[in-house]
Amino acid sequence: MSRKIENIRELQAEIRRLKEKSSGQEEAIRHQLKELHERLKPENILMHALSSITGIKIKSSEFFRNGIAIGITLLLQRFIFKTEATLEKKIYDWVDKIFDKVREFLNTLSSRGPEGSSKIDAEA
């Protein structure tokens, strides 16, 4: 603004106006600095990278809240899967041993000849 100041009142008014303008600009700079600081946080950088890769806008608070829940769920599922696989293997081993013993028993009865066969028929 290049208007000519003619008296003290105009000068004081211009000083007030410039102080208000500089105060508003300082506040805008503080706000922009705060936004920049927020964007440079590691979790926000990660969220921005994920959003740009997937093309889906994700709120960081929801992602981390849900992400933690999903992570815990995956760990539990992995633990349960390992436990399930171990338990399943033990059960199969037990069943195999039972069938082997039954097969051995039947083989010993049938190897005795007709006498063994008649015992099998009598038991059935």
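Conventions and cut-offs
Residues numbered from 1 in each chain as written. Predicted model: local features only at pLDDT ≥ 70, side-chain atom pairs only at ≥ 80, totals over all residues. Heavy atoms only, no water. Helix = DSSP H or I, 4+ residues; strand = E, 2+ residues; numbered from the N terminus. Buried < 20%, exposed > 50% of the residue type's maximum accessible area, 1.4 Å probe, protein only. Areas by Shrake-Rupley, 256 points an atom, 1.4 Å probe, with all protein chains shown as cover. Expected span 1.5 Å × (residues − 1). Polar contact = N/O pair within 3.5 Å; in protein donor to acceptor, adjacent residues only side chain to side chain. Patch = residues over 30% accessible without salt bridge, like charges linked within 9 Å, V, L, I, M, F, W, Y side chains within 5 Å. Salt bridge = Lys/Arg side-chain N within 4 Å of Asp/Glu carboxyl O.

Draft legend 1. Highlighting the overall build of the protein. In terms of helices and strands, the protein carries 4 helices and 0 strands. Across the 124 residues that make up the protein, the buried fraction comes to 5%. Surface accessibility of the protein: about 11500 Å² in total, with carbon and sulfur atoms responsible for 62%.

Draft legend 2. Seen up close, helix α1 (residues 8–39). Taking 1.5 Å of rise per residue, the 32 residues of α1 would be expected to cover 46 Å, and the 46 Å separating its terminal C-alpha atoms lies within 8% of that figure. Two or three places before Arg 9, at the start of α1, stands the capping residue Asn 7, its side-chain oxygen 3.2 Å from that residue's backbone nitrogen.

Draft legend 3. Representation of the side chain of Glu 14 in the model. Position of Glu 14 among the secondary structure elements: in helix α1. Side-chain polar atoms of Glu 14 contact the side chain of Arg 17, separated by 2.5 Å.

Draft legend 4. Spotlight on a nonpolar patch on the surface. On the surface, Leu 87, Ile 91, Trp 94, Val 95 and Phe 99 cluster together into a nonpolar patch covering about 510 Å² of accessible area. You can see Trp 94 is positioned in helix α3 (residues 60–110).

Draft legend 5. Structural context of the pattern of salt bridges. One pass over the structure, following the stated rule, counts 5 salt bridges. For Arg 30, the salt bridge identified is with Glu 27, shortest N-O distance 3.0 Å. Here Arg 30 and its partner Glu 27 are both found in helix α1, 3 residues apart, which amounts to about one turn of the helix. Given the relative accessible area of 47%, Glu 27 is considered partly exposed. A salt bridge links Asp 100 to Arg 103; the shortest N-O distance between them is 3.2 Å. Separated by 3 residues within a single helix, Asp 100 and Arg 103 lie in helix α3, roughly one turn from each other. Among the charged side chains, a network of salt bridges with common partners joins Glu 26, Glu 27 and Arg 30.

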